[in-house]
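Okay, here's what each chain looks like letter by letter:
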Amino acid sequence: MSASESPNSVKKPRRRWPNILSRMAWGAFIVGLGIFLLYPILVSTNFMFLFGKSPGLEELENPKVEKASELYTSDGVLIGTYFRENRSPIPFSKISPVLVKALIATEDARFYDHAGIDPQAMAGAVWAVVRGEKRGGSTITQQLAKNLYKTRRGETGGALGYIPVVSTLISKTKEWLTAVELERRYTKEEILRMYFNTVEYGSQAFGIKVAAKTFFSTSPDSLKPEEAAMLVGVLNNPTAYNPRFHPEAALKRRNLVLTRMGQAGHLTAKQVDSLQKSPLALRYQVDKHFDGPEAYFRGAVSQTVNEWCEKNGYDMYRDGLKIYTTIDSRMQAHAEESVLQRMKILQRQFDNFWRNRGGNPWVDDQGKEIPDFIETQMKRTDQYKRLAERYKGQPARLDSALNAKRPMKVFTWKGDGDTTLVMSPLDSLAYYKKFLHAGMMTMDPFTGHIKAWVGGLNYHFFQYDHVKQGRRQPGSTFKPFVYLTALDNGYTPCDRIRDERVTIRYVENGKNMEWKPNNVTREYSGSNMTLRHAMARSINSVTAQLTELVGWENVAKYAHKVGIRSKLLDVPSIGLGSGGDVSVYEMVNAYSTFVNNGFRTEPLLVTRIEDRNGNVIKQFDPKQKRVIPAETAWLMLYMLKGGMEEPGGTSQALWEYDLWKKGNEIGGKTGTTSNYSDGWYMGVTKDLVSGVWVGGEDRSIHFYRSQQGEGSRMALPVYGTYMEKLYRDKDLDIEYGRFPSPTVKISKKYNCVTPAPRRIVEPIDSLVTDNLLEKLNAGTIAIPDSL
């Protein structure tokens, strides 16, 4: 034992803890480093479904931007777009350089220096958070990644996406990774182009083209510096900085962008000062989910295309489809002009008619004004229901609200089509109830292509479509279906029935009933007239007798055969148009069967759909079915020509129009319902079939005991004016000409035109018919002589 050692000393063990802690630290560091290095891979591959989906290679190289679908006419005219996000991408060359400078100066000053992520900006953002400030560090490329691939929505979340802080970290990681990949695959100009075409600017405007149009009614390459600055400023918060709704905030934000542009050297100090003093000067015109002229056929197009898209995995509002319709833009324009031109005149006559009688046009069968009509109608409106709910149990306040006057923009036939009047809700309803309305459609009978569709006076003010949505009694335009039934069951155009008062006896629900139809004039010639002459003059007594002979249930069957889809009642008066309400759409389809040699062709409004690359993905072909023999169809055309050729034919007002060159032939049928509530005209040529309806919104609104209310005076002039325009338009391939010769041998006698009498009676559109159901419900059988 050495001297230095004490016999009582004990040797202490070495302390191993520092080494253990050191190794643990190193291990944790290595694990953390591994996780750090593997983390991007785990996120991008959605390891164990924890991180959610990231954009794949295909998506990065071919980003699918939501794009509006375009609607074209058959002659190639773009008439509108469908969209959910209103976006129309444009090339970089169409973007103003000042817009690019404003964006980079404000959002990403080192845009041309980084590779998708800007470490300096990120550090600045972190330091700002430490100091309690709010400052973004995202680059333009990161913002593009977020907008383009929705890195924070839906399936991109993953299992960890429900944890607040973790979800933010993951979504940011995806933005960084995607931004880097975008920088690898695209040039800076391409990134800017995609950015400007995808970001939201507020007011349903997505993409710079739509934004420039929405806020300044201009194009992106024509933006002024102050306009460009405002649009870039909006990007920070499209809602808070919307200049239409928050002008002060938008102005302040715009001026900040101008300051940044000055700091970047894009504007001089003098320019910045001058521009910051300028007003916003908006020229605001927001788009809805459809951009283009407001047309009634748009709803039918949407229904057709949407049904197909749902079955085939497309979205009409997002996939940039090109939809080609059968509508001819020139024929559509002529149809709209003709309707407006004639309806303006007719409305003036209608207003004068009732002004001279010192009353309102809502009257009963005796011509007496219906009491409390407007108040009753008001209770059926959504506006009344909302007010009634708001003032429930407060009748005085409800009445006050219904009579409270305020400025309203309303439709008018004067000036530009609208004006502002001070009205109450009741005043407004009474104002609109006095208008006559119209519906018109033209179809190619051979292909089924609908060439023109006018559903009303003005879609902005009257959105109810009187072509397909509206259904009214067809009056005497339904009579041809009686004669069709007869011709297809042994009768000929030359067979005769006497024009005389008759009584039709029948059984209804086990009860013996009788019906005594009247001619409009209350006169009966006693003439044993041909069927063609009777149909041409629209003689009720002959039509009623023929209906009884062929069976009213068979008349309904034949009407359905040729194109009527609405429910029809098997009643004796069906031939006079009181068997059910029908649409212009159905009537045009049915009459087209006569022109198309007995084939019923389904009306067609869309011909094809192309994808965003121009590939045809759906072709809509005509669908035809023979429903009546060719001989019967040709004989029906011959019968319809009788309205022009037979003495006293109800279509002879067409002689006043410039339609009769080169032996041109037109067939047609007028129609008028009880109390002149509805006026119809159905016209057929060798190329086209058109239908026109005119009437009040309610059946109780009409002319009263006046020939002004007949179809020959309400609807026929629209048709005549329209056909004049078509024949005069040299750009259209619509020529004068005769109907084609029959394609089969005509075995039945038909050439029996009635000689003109010495005194030609003015044609009367004969259907002032009773509604048989109303008569039965009222317990009456015969039509009163006072009708």
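Residues numbered from 1 in each chain as written. Predicted model: local features only at pLDDT ≥ 70, side-chain atom pairs only at ≥ 80, totals over all residues. Heavy atoms only, no water.

Let's talk about the pairing of strand β6 (residues 322–325)
Of the two faces of β6, the one carrying Lys322 and Tyr324 and the one carrying Ile323 and Thr325 are both buried. With three bridges joining them, strand β1 (residues 69–72) and β6 adopt parallel strand pairing. Opposite Glu70, over in β6, you have Lys322 as the bridge partner. The sheet contact formed by β6 and strand β16 (residues 606–610) spans four bridges and is antiparallel. Bridge pairing in β16 places Tyr324 opposite Arg608. (Buried < 20%, exposed > 50% of the residue type's maximum accessible area, 1.4 Å probe, protein only. Helix = DSSP H or I, 4+ residues; strand = E, 2+ residues; numbered from the N terminus. Pairing = 2+ DSSP bridges.)

A few points about the confidence of the model for the chain
Detailed reading of the predicted coordinates is not advisable wherever pLDDT is low. Of all residues in the chain, 82% have pLDDT values of 70 or greater, and the mean over the chain is 85. Contacts for the low-pLDDT stretch residues 151–155, under 50 throughout, to residues beyond four places or in other chains number twelve contacts. Across residues 766–787, where pLDDT falls below 50, the model places 57 contacts with residues more than four positions away in sequence or in other chains. (pLDDT = per-residue confidence, 0-100. Contact = heavy atoms within 4.5 Å.)

Quick look at the packing of helix α10 (residues 247–263) against helix α11 (residues 269–276)
Two quantities define a packed helix pair, namely the angle between the axes and the distance from one axis to the other. One way to put it is that α10 packs onto α11 with a least axis distance of 9 Å and a crossing angle of 175 degrees. Judged on the interaxial angle alone, α11 and α10 are roughly antiparallel. On α11, the residues that touch Arg254, Asn255, Leu258, Thr259 and Gly262 of α10 are Val272, Leu275 and Gln276. Here the residues of the contact of α10 with α11 are counted per class, giving three nonpolar, four polar and one charged. (Axes fitted to C-alpha atoms, helices over the stretch in contact; angles between N-to-C directions. Parallel < 35°, antiparallel > 145°, perpendicular 65-115°, else oblique. Nonpolar A, V, L, I, M, F, W, Y, C, P; charged D, E, K, R; others polar.)

Observations regarding the packing of helix α18 (residues 479–487) against helix α20 (residues 540–550)
With their axes 10 Å apart at the nearest point, α18 and α20 run at an angle of 45 degrees to one another. By the angle between their directions, the pair α18 and α20 is classed as oblique. Where α18 crosses over α20, the handedness of that crossing is left-handed. Two secondary-structure elements touch here, α18 through Lys479, Val482, Tyr483, Thr485 and Ala486 and α20 through Asn540, Val542, Thr543, Leu546, Thr547 and Val550. Looking at the contact of α18 with α20 residue by residue, the class counts come to six nonpolar, four polar and one charged. (Left-handed = near helix turned anticlockwise from the far one by under 90°.)

Thoughts on unusual backbone geometry
Although it is not a glycine, Asn509 adopts a positive phi angle of roughly 55 degrees. Relative to the assigned elements, Asn509 resides in the loop between β12 (504–508) and β13 (511–515). With a relative accessible area of 73%, Asn509 lands in the exposed category. One non-glycine residue with positive phi stands out, namely Arg522, at about 65 degrees. Checked against the element boundaries, Arg522 lands in the loop between β13 and β14 (528–530). Since its relative accessible area comes to 29%, Arg522 is described here as partly exposed.

Points about the sheet that holds strand β9 (residues 436–443)
Taken in spatial order, the five strands line up as β10-β9-β21-β20-β19 in an open sheet, and their pairing is antiparallel. The open sheet has two edge strands with one neighbour each: β10 (450–454) and β19 (667–672). Across the sheet, the axes of successive neighbouring strands diverge by a mean angle of 5 degrees, strand direction being ignored. Where β19 meets strand β20 (residues 678–684), six bridges bridge the pair, whose relative direction is antiparallel. Paired with Gly667 across the two strands is Val684, which belongs to β20. Sitting on the sheet, helix α23 (residues 630–645) is in contact with β19 and β20, with an inclination near 65 degrees to β19.

A short note on helix α8 (residues 208–216)
α8 sits mainly inside the fold: seven of its nine residues count as buried. Residues Ile208, Val210, Ala211, Ala212, Thr214, Phe215 and Phe216 constitute the buried set of α8. Structurally, α8 contributes buried residues whose contacts are with α3 (97–107), α7 (188–198), β3 (200–202), β4 (205–206) and α9 (225–234).

Concerning helix α22 (residues 584–595)
In this model, α22 (twelve residues) spans 17 Å end to end at C-alpha, consistent with the 16 Å of a helix rising 1.5 Å per residue. Judged by how many residues are buried, α22 sits mostly within the fold: twelve of twelve residues are covered. Those residues of α22 that sit buried are Val584, Tyr585, Glu586, Met587, Val588, Asn589, Ala590, Tyr591, Ser592, Thr593, Phe594 and Val595. Two residues or fewer after α22 comes Asn597, characterised by a positive phi angle close to 60 degrees. (Expected span 1.5 Å × (residues − 1).)

Quick notes on the state of the cysteines
Working definition of a disulfide: a covalent bond connecting the sulfur atoms of two cysteines. Tallied over the entire structure, the rule returns one disulfide. Between the sulfur atoms of Cys494 and its disulfide partner Cys752 the distance amounts to 2.0 Å. The sign of the S-S torsion, about -105 degrees, decides the handedness of the disulfide formed by Cys494 and Cys752: left-handed. With Cys494 in the loop between α18 and β11 (496–498) and Cys752 in the loop between α25 (716–728) and α26 (772–778), this pair connects stretches of sequence that are 258 residues apart. (Disulfide = S-S within 2.5 Å.)

Regarding the packing of aromatic side chains
Applying the stated criterion across every chain yields a total of 31 aromatic pairs. Ring centres of Tyr72 and Tyr324 lie 5.0 Å apart, and the angle between their planes is 15 degrees; on these two criteria the pair is classed as stacked. Taken as a pair, Tyr72 in strand β1 and Tyr324 in strand β6 lie far apart in primary sequence, 252 residues in all. When sorted by exposure, Tyr72 lands in the same class as Tyr324, which is buried. Ring geometry for Phe411 and Trp413: centres 5.2 Å apart, planes at 75 degrees, overall edge-to-face. The structure contains a cluster of three or more aromatic residues connected by ring pairs, namely Phe411, Trp413, Tyr431, Tyr432, Phe435, Phe461 and Phe462. (Phe/Tyr/Trp six-rings, centres within 6.5 Å; stacked < 30°, edge-to-face > 60°.)

A closer look at the nonpolar core
With 148 residues, the main nonpolar core has Trp453, Phe481 and Phe594 as its most contacted residues. Broken down by element, this core gets its largest block of residues, nine residues, from α23. Each residue touching Phe481, except ones within four places of it in the same chain, is listed here: Val555, Ala559, Val562, Ile564, Met587, Ala590, Tyr591 and Phe594. In terms of nonpolar packing, the next biggest core, distinct from the first, is built from 46 residues, Met194, Ala205, Leu231 and Val234 among them. (Core = buried A, V, L, I, M, F, W, Y, C linked by side-chain atoms within 4.5 Å.)

Let's talk about the environment of Thr485
Mapped onto the elements, Thr485 comes out in helix α18. Under the relative-accessibility criterion, Thr485 is labelled buried at 1%. The sequence separation of Thr485 and Ala556 amounts to 71 residues, and the corresponding C-alpha distance is 9.2 Å. A polar contact of 2.7 Å, which involves the side chain of Thr485, links it to the backbone oxygen of Phe481. (Polar contact = N/O pair within 3.5 Å; in protein donor to acceptor, adjacent residues only side chain to side chain.)

Examining the pairing of β19
Counted residue by residue, β19 has six buried out of six residues, so it is predominantly covered. Side chains of β19 alternate between two faces, with Gly667, Lys669 and Gly671 and Gly668, Thr670 and Thr672 buried alike.

Quick word on the environment of Asn197
Within the element layout of this structure, Asn197 appears in helix α7. According to the relative accessible area criterion, Asn197 is buried, its value standing at 3%. Each C-alpha atom of the pair Asn197 and Leu144 lies 9.9 Å from the other, and the pair is 53 residues apart in sequence. A polar contact of 3.1 Å, which involves the side chain of Asn197, links it to the backbone oxygen of Arg193.

Considering the pattern of salt bridges
In total, this model carries 28 salt bridges according to the counting rule given. Among the ionic pairs, Glu646 bridges to Arg532, the shortest N-O distance being 3.0 Å. Note that Glu646 is positioned in the loop between α23 and β19 and Arg532 in helix α19 (residues 531–537), a separation of 114 residues in sequence. Using a relative accessible area of 0% as the deciding quantity, one classes Glu646 as buried. Residue Arg565 pairs with Glu602 through a salt bridge whose shortest N-O separation is 3.3 Å. Here Arg565, found in the loop between α21 (552–562) and α22, pairs with Glu602, found in the loop between β15 (599–601) and β16; they are 37 residues apart in sequence, far enough to count as distant. (Salt bridge = Lys/Arg side-chain N within 4 Å of Asp/Glu carboxyl O.)

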